[in-house]
Amino acid sequence: MTNRQTVGNNVTFDVLVRGGIVFDGTGRPGYRADIGIADGRIRDIGDLGAARARAEVDATRRYVLPGFIDAHVHGENAVLDPQVQLAALRQGVTTFVLGQDGLSFAPASPAALRWVARYFAAVNGPAPTLAAYSGNGVTVAELMACYQHTTAINTAYLVPHGTVRYSVMGGSPLPPDAEQLAAMVALTEQGLEQGAVGVSSGLGYLPGRFADAEELGAVCVPAARRGLPYVTHMRTYGDAADKGMSEACAVGRISGAAVHISHYHGPGEMLAGLVDTARATGQDVTFDTYPYLRGCSILAKMLPDWLATADLDGTLEALSDRAVRELLDTQIDDSLWSAFILAHVPAARYRWAEGLPLDRAAAWAGVRPAVFCADVLVESGLDVGIVFDYPERALEDSVRCLLRHEAHMGGSDGIYLGGRPHPRGYGAFARMLARHCRELGDWTWAQAGEHLAARPAARFRLTDRGVLVRGKAADLVVVDPHTVRDRATYAAPREPATGIDDVIVGGVPVLAGGRRTGRLPGTVLCAC
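I will try to describe carefully the structure that is included in this document. Just so it is clear, the model here is predicted, and its values are computed rather than measured.

### Digging into the overall build of the protein chain
Helix and strand counts for the protein chain stand at 18 helices and 21 strands. Rg of the C-alpha trace for the protein chain: 23 Å, near the compact-globule value of 24 Å for 528 residues, within the 12% margin. Across its three principal axes, the protein chain shows a C-alpha extent of roughly 80 × 50 × 45 Å. Put simply, the protein chain has 528 residues, and 61% of those count as buried. If you take every contact in the protein chain between residues at least 6 apart in sequence, the share linking residues at least 24 apart comes to 76%.

### What to know about the nonpolar core
The biggest cluster of nonpolar side chains holds 145 residues, and the ones touching the most others in it are Phe96, Ile261 and Tyr264. What Tyr264 contacts, discounting residues up to four positions off in sequence, is Met234, Tyr237, Met245, Leu271, Leu274, Val275, Phe287, Asp288, Thr289 and Leu402. Core analysis: the next-biggest nonpolar cluster, separate from the first, contains 17 residues, Tyr31, Ala33, Val57 and Leu468 among them.

### As for the packing of aromatic side chains
For the coordinates displayed, the defined rule picks out 15 aromatic pairs. Seen in terms of ring centroids, Trp115 and Tyr119 are 4.7 Å apart; in terms of plane orientation they differ by 15°. Their pairing is stacked. Of this pair, Trp115 and Tyr119 both sit in helix α2 (residues 110-119), separated by four residues, roughly a single helical turn. Arranged with centres 6.3 Å apart and planes meeting at 45°, the rings of Tyr290 and Tyr292 form a pair that is tilted. Neither residue differs from the other here; Tyr290 and Tyr292 are each classed as buried. In this arrangement the basic side chain of Lys301 is found over the ring face of Tyr205, its NZ or CZ atom lying 5.4 Å from the centre. Here the guanidinium or amino end of Arg431 rests over the ring plane of Tyr292, the centre of that ring lying 5.4 Å away.

### Some remarks on the pairing of strand β18 (residues 476-479)
Going residue by residue along β18, you find Leu476 and Val478 tucked away on one face and Val477 and Val479 tucked away on the opposite face as well. In this sheet, β18 lies alongside strand β5 (residues 63-66) in antiparallel orientation, the contact comprising four bridges. Within the sheet, the bridge partner assigned to Leu65 lies in β18 and is Val477. Both β18 and strand β19 (residues 500-505) contribute to a ladder of four bridges, which runs antiparallel. Within β19, the residue paired with Val479 across the bridge is Ile500.

### Regarding the sheet that holds strand β10 (residues 199-202)
Pairing is parallel across the open sheet formed by six strands, whose spatial order is β9-β10-β11-β12-β13-β17. Across the chains shown, the open sheet's two edge strands, defined by having one partner strand only, are β9 (159-160) and β17 (408-410). Here three bridges tie strand β13 (residues 285-289) to β17, and the two strands are oriented parallel to one another. Bridged to Thr289 within β17 is Gly410. Across the face of the sheet, helix α8 (residues 213-225) comes into contact with β10 and β11 (230-233) while running at roughly 155° to β10.

### Some remarks on the pattern of salt bridges
For side chains of opposite charge, pairing can occur when their charged atoms come near one another. Inspection of the entire model under this criterion finds 32 salt bridges. One salt bridge connects Arg325 with Asp375, and the closest N-O pair in it is separated by 2.7 Å. Placement of Arg325 in helix α12 (residues 322-331) and of Asp375 in helix α15 (residues 369-379) is noted, with a sequence separation of 50 residues between them. Relative accessible area serves as the criterion here: at 14%, Arg325 is assigned to the buried category. A cluster of three or more residues bridged by salt bridges with shared partners is formed by Arg41, Asp464, Arg465 and Asp475.

Here is what the cut-offs are and how they apply
Residues numbered from 1 in each chain as written. Predicted model: local features only at pLDDT ≥ 70, side-chain atom pairs only at ≥ 80, totals over all residues. Heavy atoms only, no water. Helix = DSSP H or I, 4+ residues; strand = E, 2+ residues; numbered from the N terminus. Rg over C-alpha atoms; globule rule 2.2 N^0.38 Å. Buried < 20%, exposed > 50% of the residue type's maximum accessible area, 1.4 Å probe, protein only. Contact = heavy atoms within 4.5 Å. Core = buried A, V, L, I, M, F, W, Y, C linked by side-chain atoms within 4.5 Å. Phe/Tyr/Trp six-rings, centres within 6.5 Å; stacked < 30°, edge-to-face > 60°. Lys NZ or Arg CZ within 6 Å of the ring centre and 35° of its normal. Pairing = 2+ DSSP bridges. Axes fitted to C-alpha atoms, helices over the stretch in contact; angles between N-to-C directions. Salt bridge = Lys/Arg side-chain N within 4 Å of Asp/Glu carboxyl O.

No statement about biological role is implied by the geometric values presented.
In structure tokens, the structure reads:
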């Protein structure tokens, strides 16, 4: 059936999206068409003027695109929160890719589950299954079951290398022996068999920073056999991104896996050149970025290597020691404290400091910044999140350069905890559409569908998503091209975006008139 053929009155759809300009994710120019949806799938695209449906969406003067896939987001617990679902849907995001930065909740031994829940608490929040599985550990299948029809958003999951390593080796900084490496590979294999769509690493975090390319390459072999990627928070970014890229490509060569770089940032032309060089040598390299000049992480990550060990209790004990605090005061440049803005401080005693640069909060408390840093970490059990400025060379021109690259796809790196989270979780995708598509012209609307839907679907082999084609799952968003914009700021980071009022996930309307419908069709997506 061609795009303009009329369907007769005897055809009944579950949902009919009428009169929109369709940008289908394939890169082709937009065209006006109706989309008929039945049984969760796109059944027809064309002139469906005579068709009937149980529900209709008037998309006149709006654009219809495939549901966006957030290629990098920390939503393990947050995706179950109705307000986070609303924040994502108002940006057109219909799928979260979880298990990022090598640290999540499965596959995990009991000890690893407890350790990750503490170490990465300011990023992922509590494990949704921690109470149920703390005595036995948790498998990928058990974690993924938590997301099946319990949220309005689809989820996909990466096997996190750091969690696997801790499950086998604890916090040891030593290389794995043959038996330990085989156990790590076996856990990774099990996670992939249970539906994970790749392997992630976090080489700026513990225990991932203890791994070398040989270890990572061996762990990624099961992913390579399935055509799934190695997804990495590199060891170095910015001006030192060449070292991080070199290591990532070495893992790709050893394992045979495609390489995907998480939250790529730094001097744009240099970083784009690194990707181009790797691709020219035959390596399959892609990356995700978000359109902001600040990052977000855990405060403990910023401590000197000699202090931030995998022994969390030992770290807390050391931070309570006066001599250690004095050493911190001499080793950390005073200018850095002003770059750390407290985003998430769960300790009631210090919650007033959220939104303040650490040096200013310390001044209000009447102590040196190093002392205040130690106090906040100890009082919060290391569960402290920060927003921080990137180096000067990470300017908007660099953001634009990377957004335009053919290997780019969208990721928010959203972290939803605290009173002053980074606004990227509430505005990254809307900002890409409003500023970089509509205002600056970095993308056409057809290209927006590729960057935000088709490319991440292809990268993680989510072959049923990413494009609006007959027979595919019906994940789609209706965008007002004139009004879509982000409203979240660093001062008010939880403001939902505007201009996307209707979203369909798995053929089910989950956002209608800008409000959640309360329906929870979100499913766990596996590679195919």
